[in-house]
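A structural walkthrough
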Amino acid sequence: DVKVTQSSRYLVKRTGEKVFLECVQDMDHENMFWYRQDPGLGLRLIYFSYDVKMKEKGDIPEGYSVSREKKERFSLILESASTNQTSMYLCASSLGRYRGLNTEAFFGQGTRLTVV
Amino acid sequence: QKEVEQNSGPLSVPEGAIASLNCTYSDRGSQSFFWYRQYSGKSPELIMFIYSNGDKEDGRFTAQLNKASQYVSLLIRDSQPSDSATYLCAVFTSGTYKYIFGTGTRLKVLA
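None of the values given here were measured: they were computed from a predicted structure.

On to the overall build of chain B. Looking only at helices and strands, one finds zero helices and eleven strands in chain B. Secondary structure elements of chain B, listed N to C terminal, follow the sequence β-β-β-β-β-β-β-β-β-β-β. Against the globule reference of 13 Å for 111 residues, chain B gives a C-alpha radius of gyration of 13 Å, in line with a compact fold. Taking the principal axes of the C-alpha coordinates as reference, chain B spans close to 45 × 30 × 20 Å. In chain B, buried positions account for 45% of the 111 residues. The long-range share in chain B, meaning contacts at least 24 apart out of those at least 6 apart in sequence, stands at 54%. A total accessible area of about 5100 Å² is found for chain B, and carbon and sulfur atoms account for 46% of it. Charged side chains in chain B number 11 positive and 10 negative. The centres of these two groups are separated by 5 Å.

Okay, structure coming up:
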């Protein structure tokens, strides 16, 4: 079974803190994604990566950065946490672009981040 | 216009009935289409994918795709209370290489 593991299920951080959300997948997937999910807004893509050290901005990258130093690990960084970044964060991974179209995204269990 | 649109619901159906969930998308270059189920407080899990026009059946679930109308649907036959969840439609486009999700339809199956 594909396993996508996020480092924390719940996090509470203070405004202005630097926050690291870690995600690890064990299926040798090329692609990894970070989404945030808010009521009424659905899943919104923050950043994604299709290879080691590669990153692409999604729809809402402001206030976030990412790091992918190893294929299996994709980190999301909140440079200076703010209350409007309180959300559910979901990491996902999928096979690479040259391995077919029917490559679904597998999700981690999610991290509910609260910024106070 | 949103890239992927779904009716937010809730869609209420009695137990044993057919639930019909619909999704429209705006990018004609979209190639693969996915239905995810998400229980409250949990992460999305894949139910079905489809990439060719027509119907695809898997157990009680049928996905339907009409690329000309840019429309994809999910039918759930013999609905059970355990099917009560939010159903997310996702579209994948290899050009942008992103999965774009709709906001989801909340389904309630009444016992």
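A few words on the overall build of chain A. Summing up its helical and strand segments, chain A has zero helices and eleven strands in all. What you see for chain A is a C-alpha radius of gyration of 14 Å, in line with the 13 Å of a compact globule of 116 residues. Projected onto the principal axes, the alpha-carbon positions of chain A cover approximately 40 × 30 × 25 Å. Relative to its full complement of 116 residues, chain A shows a buried share of 48%. Surface summary for chain A: the accessible area is close to 5700 Å², and the carbon and sulfur share equals 50%. Distance between charge centres in chain A, computed from 17 positive and 15 negative side chains, equals 4 Å.

Residue and element names in this part refer to chain A. Reading across from one edge, β1-β3-β8-β7 is the order of the four strands in this open sheet, with antiparallel pairing throughout. The outermost strands of the open sheet, each flanked by one partner alone, are β1 (4–6) and β7 (64–70). Each strand of the sheet is rotated relative to its neighbour by a mean of 20 degrees, with strand direction disregarded. Judged from the six bridges that link them, strand β3 (residues 19–25) and strand β8 (residues 73–78) form a sheet pairing that is antiparallel. Bridging from a neighbouring strand, C23 pairs with F74 of β8.

One pass over the structure, following the stated rule, counts 13 aromatic pairs over all chains. Ring plane angle 45 degrees and centroid distance 4.8 Å describe the contact between Y25 of chain B and F33 of chain B, whose orientation is recorded as tilted. Using a relative accessible area of 1% as the deciding quantity, one classes F33 of chain B as buried. Residues F92 of chain B and Y99 of chain B carry aromatic rings whose centres are separated by 4.8 Å and whose planes lie at 45 degrees to one another, so their mutual orientation is tilted. An aromatic cluster is present here, built from F33, Y35, F48 and F107 of chain A together with F34, Y36, F49, F92, Y99 and F101 of chain B joined pairwise through their rings.

Overall, antiparallel pairing links the five strands, which are arranged β1-β3-β8-β7-β6 (chain B) in an open sheet. At either margin of the open sheet sits one strand with a lone partner, and together these are β1 (4–5) and β6 (54–58) of chain B.

So, about the pairing of β8 of chain A. Residue and element names in this part refer to chain A. For β8, the buried fraction is high: five of the six residues fall into the buried class. Examined bridge by bridge, β7 and β8 share five bridges and lie antiparallel to one another. Across the sheet, the residue bridging to K70 is R73, located in β8. What sits between the antiparallel neighbours β7 and β8 is a turn of two residues.

This paragraph deals with the environment of D51 of chain A. Residue and element names in this part refer to chain A. Mapped onto the fold, D51 is located in the loop between β5 (42–49) and β6 (56–57). Note: C-alpha distance between D51 and R14 (37 residues apart in sequence) is 32 Å. For D51, the contacting residues outside a window of four places in its chain are E30 and R68.

Parameters at a glance
- Residues numbered from 1 in each chain as written.
- Chains lettered and ligands numbered in written order.
- Predicted model: local features only at pLDDT ≥ 70, side-chain atom pairs only at ≥ 80, totals over all residues.
- Heavy atoms only, no water.
- Helix = DSSP H or I, 4+ residues; strand = E, 2+ residues; numbered from the N terminus.
- Rg over C-alpha atoms; globule rule 2.2 N^0.38 Å.
- Buried < 20%, exposed > 50% of the residue type's maximum accessible area, 1.4 Å probe, protein only.
- Contact = heavy atoms within 4.5 Å.
- Areas by Shrake-Rupley, 256 points an atom, 1.4 Å probe, with all protein chains shown as cover.
- Lys, Arg positive; Asp, Glu negative; His and termini not counted.
- Charge placed at Lys NZ, Arg CZ, Asp CG, Glu CD.
- Pairing = 2+ DSSP bridges.
- Axes fitted to C-alpha atoms, helices over the stretch in contact; angles between N-to-C directions.
- Phe/Tyr/Trp six-rings, centres within 6.5 Å; stacked < 30°, edge-to-face > 60°.

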